[in-house]
Amino acid sequence: MTPLPELLVVGHVTRDFIRGETRLGGAASFSSRVAATLGIRTALVTAAPLDFDLMAPLRALPQLSIHVVPSPEATTFELDYSGPRRRVILRAVAQPIRAEDVPPEWRNIPVAYVAPVAGECDRALVEGLGSRLICAGVQGWLRRPGADGAVEPTIASEASSPPRGLRVGVFSEEDHPEAEFLAEQLARHDITVALTRGRRGSTVREGSQRWEIPSAPANEVDPTGAGDVFGIALTLALARGASAPAAAAAAAAVAARVVEGPELGSLSSADVRHLPPARTP
């Protein structure tokens, strides 16, 4: 009998056009790939065409089980670096992921990481999970496409009035002009909040408490996906009993390995040592 996965990840995997290259992207992709590489039995629920060939690196991971909701399109982003600031343009979007799309046997996986990039994970999905710890990468609830597809700030109801059962939220200071205010408001909802700041580390809040967590030393080559990796590592550390600041420090150590090259950088299964020991059932 196959053991139940330890971690559930939900969100769109994406096709990203970056400086003439086509890459697999999306918070769910980075998160599930990192967790599986660290040796965590992981389940991924996503929506994409069934023949989406960019998912090949995910399908090759023995610790990762995947359920794909068939969709005519894959969520597709173009990253434009031609101007003074990076522009993110949504070119196509896969269908939303509904609560009923999560296989019944996965709805009570102990730990869940909900990772929307285009609003594909709604309140009902989060509230339909029976996980003891539910965390969310909030970015996908803080943006929407404008008339030309260029991503612009918004605040979805899931970000302003969090879904029942949500315990942790992670996002970047660059995800919204009011990121600091949003982090403070989420903390007032009894949610542990980590606001990432790139090389400057992160700010972690729980209620009225606040900690500044430095980034870990790294030979940075490619920071793509570092925030997503921080989010999943923070989730895993919290699930293993770490305090919020200790979990953020562990997450910073894992994220530092990922920026040391393309894709997962120098990350290996040995980096699970940065996390607390797994709890005995």
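It should be noted that the structure appears before, not after, this text.
Throughout what follows, the structure given in this document is the object of discussion. Here the structure is a predicted model, which is why all the values come from computation and not from measurement.

## Notes on the sheet that holds strand β14 (residues 202-206)
Phase 1 of the analysis: Ordered by their spatial adjacency, nine strands build an open sheet running β5-β4-β1-β8-β9-β12-β13-β14-β15, and the pairing between neighbours is mixed. Whereas interior strands pair on both sides, the edge strands pair on one side only; in this sheet they are β5 (64-70) and β15 (209-213). Strand after strand, the sheet turns through a mean of 15° between neighbouring axes, direction not considered.
Phase 2 of the analysis: Sheet analysis places strand β1 (residues 7-10) next to strand β8 (residues 111-114), joined by four bridges and oriented parallel. Bridging from a neighbouring strand, Leu-8 pairs with Ala-112 of β8.
Phase 3 of the analysis: Lying over the sheet, helix α6 (residues 226-239) contacts β1, β8, β9 (133-137), β12 (166-172), β13 (192-196) and β14, oriented at roughly 160° with respect to β8.

## Here's the deal with the pairing of β13
Phase 1 of the analysis: Burial runs high along β13: five of the five residues are buried.
Phase 2 of the analysis: Covered by surrounding structure in β13 are Thr-192, Ala-194 and Thr-196 together with Val-193 and Leu-195, the residues of both alternating faces.
Phase 3 of the analysis: The sheet contact formed by β12 and β13 spans five bridges and is parallel. In the strand pairing of β13, Gly-169 is matched with Val-193.

## Things to note about helix α5 (residues 179-187)
Phase 1 of the analysis: Of all the residues in α5, the buried ones are Ala-179, Leu-182, Ala-183, Leu-186 and Ala-187. Along the axis of α5, the buried positions cluster into a sector of 135°, meaning they face one direction only.

Rules used throughout
Residues numbered from 1 in each chain as written. Predicted model: local features only at pLDDT ≥ 70, side-chain atom pairs only at ≥ 80, totals over all residues. Heavy atoms only, no water. Pairing = 2+ DSSP bridges. Helix = DSSP H or I, 4+ residues; strand = E, 2+ residues; numbered from the N terminus. Axes fitted to C-alpha atoms, helices over the stretch in contact; angles between N-to-C directions. Contact = heavy atoms within 4.5 Å. Buried < 20%, exposed > 50% of the residue type's maximum accessible area, 1.4 Å probe, protein only. Arc of directions from axis to C-beta.

Coordinates in, geometry out; function isn't part of it.
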